[in-house]
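Residue-level structure breakdown
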Amino acid sequence: MKTLPEPSFHRRPAWPCRWAALAPLAVVGVLGAGPARAAEAGGPAEFRGADLALGERLIRQHQCAECHARRVGCDGSAIYRPTGRIGRPAALLSMVEYCSTELKLQLFPEDVAAVAAVLQRDHYHFK
């Protein structure tokens with residue numbers, strides 16, 4: 001089995017798991033008649049119209065949380081630091097694209113937007 005290269009931007013020291021008990025809350029799905037859209041929740045224009053259900057599915061399919069947990073320890077949520085490198089919506093989109101490129105996930109632009117919209121909703125909360 002071929003192992004994927006580890007992107008260097010994820011290598012950080014392991015932090016205490018203060019939010020480990022809240023991890024299940026981050027995976028709450030949205031029920032409705034059709035795919036959940038980021039526009040319904042408001043937020044930055046970069047994420048309006050993004051398919052949140054697709055983003056959640058891609059995050060599960062590509063095991064993003066497990067990869068982040070290997071890099072930062074605990075449940076991996078420490079990698080999402082709104083006051084860190086990712087300070088605006090465009091930077092979040094770029095980082096998701098970087099992961100896609102480095103790990104050869106071959107995500108389409110609408111896939112990148114969907115994943116970034118889920119991260120925006122669950123971790124970043126840009127206005």
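Data block above holds the structure.
Below: a short report on this structure. Note that this is a predicted model, so its numbers are computed, not measured.

About the thresholds
- Residues numbered from 1 in each chain as written.
- Predicted model: local features only at pLDDT ≥ 70, side-chain atom pairs only at ≥ 80, totals over all residues.
- Heavy atoms only, no water.
- Helix = DSSP H or I, 4+ residues; strand = E, 2+ residues; numbered from the N terminus.
- Expected span 1.5 Å × (residues − 1).
- Buried < 20%, exposed > 50% of the residue type's maximum accessible area, 1.4 Å probe, protein only.
- Contact = heavy atoms within 4.5 Å.
- Salt bridge = Lys/Arg side-chain N within 4 Å of Asp/Glu carboxyl O.

1. Some points on helix 4 (residues 109-124)
The terminal C-alpha atoms of helix 4 lie 20 Å apart, and with 16 residues this falls more than 12% below the ideal 22 Å at 1.5 Å per residue. Turning to helix 4, its buried residues are Asp111, Val112, Ala113, Ala114, Val115, Ala116, Ala117, Val118, Leu119, Gln120 and Tyr124. For helix 4, the elements touching its buried residues are helix 1 (52-61) and helix 3 (89-102). Looking one or two residues beyond helix 4, the residue adopting positive phi is His125, at roughly 55 degrees.

2. A few points about unusual backbone geometry
Of note, the phi angle at Gln63 is positive, near 55 degrees, even though the residue is not glycine. Along the chain, the position of Gln63 falls in the loop between helix 1 and helix 2 (64-72).

3. Considering the pattern of salt bridges
Opposite charge on two side chains makes pairing possible when the charged atoms of those side chains draw close. Summed over all chains, the structure comprises 2 salt bridges. Its salt-bridge partner being Arg121, residue Glu56 comes within 2.7 Å of it at the nearest N-O pair. Taken together, the positions of Glu56 in helix 1 and Arg121 in helix 4 put the pair 65 residues apart, joining distant regions of the chain. For Glu56, a relative accessible area of 15% gives the class buried. For Arg121, a relative accessible area of 24% puts it in the partly exposed group. Of the charged contacts, one joins Arg121 and Asp122 as a salt bridge, the two residues approaching to 2.7 Å between their closest N and O atoms. You can call Asp122 partly exposed: its relative accessible area is 23%. Connected through shared salt-bridge partners, Glu56, Arg121 and Asp122 make up one network.

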